[in-house]
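Examination of the molecular architecture
Residue-level listing of the chains:
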Amino acid sequence: MEPLRVAPAQRASLADRQPEAAPDRGRHDLGRPGPPPLLGRGRAAGRRRAGAPAGLPRAGHPRLSADRDTLAGWYEDDGAPWFLAYGSEQEVFDRYTDQLAARLGRSDRQAGNVWCTWYAYYEDVSEQVLNKDLASLAGLPYDVAQIDDGWELAVGDWEPNHKFPSGMRALTERINAAGMRAGLWLAPFIALPTSRTAREHPEFLLRDAAGQPVVAGYNWGTSYWALDLTHPGVQEHLTQLIHRVVHEWGFTYLKLDFVNAGAVPGVRHSGGHREQAYRDAFSLIRRVAGPEVYLLGSGALLLPSLGLADGLRSGPDVAPLWTNYATDDPSDAMAYNAVVNTLHRLWQSRLLQVDPDIVYFRSRLNLLTETQMGWLRDLATICGFKAVSDPPSWLSADELEHMAAYLAERPEIVRTGRYSFVIDGRTVDFTGALRPGQQYPIS
């Protein structure tokens, strides 16, 4: 299919003579999660104006690329309408999200205040540790206690390991008794090569054209494989998993991680489109879980998640350090990367909750400055999604008091610019946060 190309008038003929993709210089791949690029910035009536072409979701998988002044758009398969708009940034994104909501849906469900195990214990979480934390969390303004990675036998084998001898139903009952809803981390669209699921059901694995399992990424010291979400056996596997987790164990908040693996290229059982396979699997999870369960897509694709997910995080993990001298990879875990990604995805908040990841109050095991921690907290306030991993036992009396007050606040928020806000009369400007050269608070 001849690609859609949009260029300034002085470049139009040149663009028409060059049907190939735009040059790599300054190129931005809009197949990645995030806002479409803004085209032709200028001044009109003293206001910043922007145009933004974007694919409207349907079969076909819209893709855009951009160099400095030319956009090229195409579909992987078939075709579908394009959305083009001109106006202020806010006007363009508002119109675009209206179109997305009308076609795919949106969610108004709120997560509430979440306590998460990951950034305190990582994979060392255990029932014994949680029993102590739950006792100290009772009475604090949390709505959800979410168990992250480290509870399962293996990624792909979703039963509790030896660190949870009482089982998961007993754990949700303890969480509920402490006044919170129970949340659980899952990575339902992948499996480790060593998992029982991968070994006993090789037919569940997505294959490439050569018949080899598709590697969806690398973590846990190894590669991990994508499941073929169109295979009837995988669909039954997902149905049983979600039914067990929600209706037998009692979890009502699910953090679904690494779900982008559901849309990686491969030869699928159904022969269908990869983003449709992702959406159908997410629909299955929603149908089995029920409408009241909060679904957070982590590493999720925006368009095929709309109308199904309640919250979404497409950026990297936060970390208790601003930048990492060993890497400048924008996908690596660090606070700077998390802030940059979240700030540029706030336009999605008209469709579902934008998860900025957790905020910090602890001084223990933390290299962030007070200013940097303040940026994280203010951004979470703006998102309306407040999550913390600090165990109360790790906090000083002042830190605990500060955390409780922050969680209880419901301030008035006014956006005054691309990166500026007023929170209960206090001006917050994230411009300084977008400079990566922040220093560690050590000599």
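This write-up is about the structure you can find in this document. Only a predicted model underlies this, so the values are computations on that prediction, with no experimental measurement involved.

**Section: the sheet that holds strand β24 (residues 420-423)**
- A sheet is described by the order of its strands in space; here three strands give the open sequence β23-β24-β25, paired in antiparallel fashion. In this open sheet, the two edge strands, each paired with only one partner strand, are β23 (413-415) and β25 (426-429). This sheet shows a mean twist of 25 degrees between the axes of neighbouring strands, independent of strand direction.
- Examined bridge by bridge, β23 and β24 share three bridges and lie antiparallel to one another. Following the sheet pairing, valine 414 is matched in β24 by valine 422.

**Considering the packing of helix α4 (residues 127-137) against helix α5 (residues 168-177)**
- Relative to each other, α4 and α5 sit at 15 degrees, their axes nearing to 10 Å. When the interaxial angle is binned, α4 and α5 end up roughly parallel. Viewed along their axes, α4 and α5 form a crossing whose handedness is left-handed. Across from Glu127, Leu130, Asn131 and Leu134 in α4, the residues of α5 making contact are Leu171, Arg174 and Ile175.
- Residues that form the contact of α4 with α5 fall into these classes: four nonpolar, one polar and two charged.

**Examining the sheet that holds strand β15 (residues 190-191)**
- Here three strands make up an open sheet; going across it, the order is β15-β17-β16 and the pairing antiparallel. Because the sheet does not close on itself, it has two edges, and the strands there are β15 and β16 (215-219).
- As paired elements, β15 and strand β17 (residues 222-226) share two bridges and run antiparallel to each other. Residue pairing in the sheet places alanine 191 in a bridge with tryptophan 225 of β17.

**Regarding helix α2 (residues 89-104)**
- Compared with an ideal rise of 1.5 Å per residue, which puts 16 residues at 22 Å, α2 spans 22 Å between its outermost C-alpha atoms and is within 8% of the ideal.
- Within the sequence span of α2, burial applies to Glu89, Val92, Phe93, Tyr96, Thr97, Leu100, Ala101 and Leu104. End-on, the buried residues of α2 take up no more than an arc of 160 degrees, which puts them together on one face. More than 90 degrees from the buried face of α2, the exposed residues found are Arg95 and Ala102.
- Positive phi appears at glycine 105, one or two residues downstream of α2, with a value of about 110 degrees.

**Notes on the pairing of β16**
- Pairing between β16 and β17: four bridges, direction antiparallel. From the neighbouring strand, valine 215 faces β17, where its bridge partner is tryptophan 225.
- Taking the residues that link successive antiparallel strands as the turn, the β16-β17 hairpin has two residues, and the phi of tryptophan 220 there is positive, at about 55 degrees.

**Some points on the packing of aromatic side chains**
- A full pass over the atoms with the stated rule returns 21 aromatic pairs.
- Centroid distance tryptophan 158 to tryptophan 185: 5.7 Å. Interplanar angle 65 degrees. Geometry classified as edge-to-face. With tryptophan 158 in strand β13 (residues 157-160) and tryptophan 185 in strand β14 (residues 181-186), this residue pair connects regions lying 27 residues apart in the sequence.
- Taking relative accessible area as the criterion, tryptophan 158 reaches 3% and is therefore assigned buried.
- Take tryptophan 185: its relative accessible area is 1%, and that puts it in the buried class.
- On the basis of an interplanar angle of 80 degrees and a centroid distance of 6.0 Å, the ring pair of phenylalanine 421 and phenylalanine 430 is categorised as edge-to-face. In this pair, the class of phenylalanine 421 matches that of phenylalanine 430, namely buried.
- Of the aromatic side chains, those joined through ring pairs into one cluster are Trp151, Trp158, Trp185, Trp220, Tyr224, Trp249 and Phe258.

Cut-offs used in this document
Residues numbered from 1 in each chain as written. Predicted model: local features only at pLDDT ≥ 70, side-chain atom pairs only at ≥ 80, totals over all residues. Heavy atoms only, no water. Pairing = 2+ DSSP bridges. Helix = DSSP H or I, 4+ residues; strand = E, 2+ residues; numbered from the N terminus. Axes fitted to C-alpha atoms, helices over the stretch in contact; angles between N-to-C directions. Parallel < 35°, antiparallel > 145°, perpendicular 65-115°, else oblique. Left-handed = near helix turned anticlockwise from the far one by under 90°. Contact = heavy atoms within 4.5 Å. Nonpolar A, V, L, I, M, F, W, Y, C, P; charged D, E, K, R; others polar. Expected span 1.5 Å × (residues − 1). Buried < 20%, exposed > 50% of the residue type's maximum accessible area, 1.4 Å probe, protein only. Arc of directions from axis to C-beta. Phe/Tyr/Trp six-rings, centres within 6.5 Å; stacked < 30°, edge-to-face > 60°.

The quantities given are spatial measurements derived from coordinates; they are silent on function.
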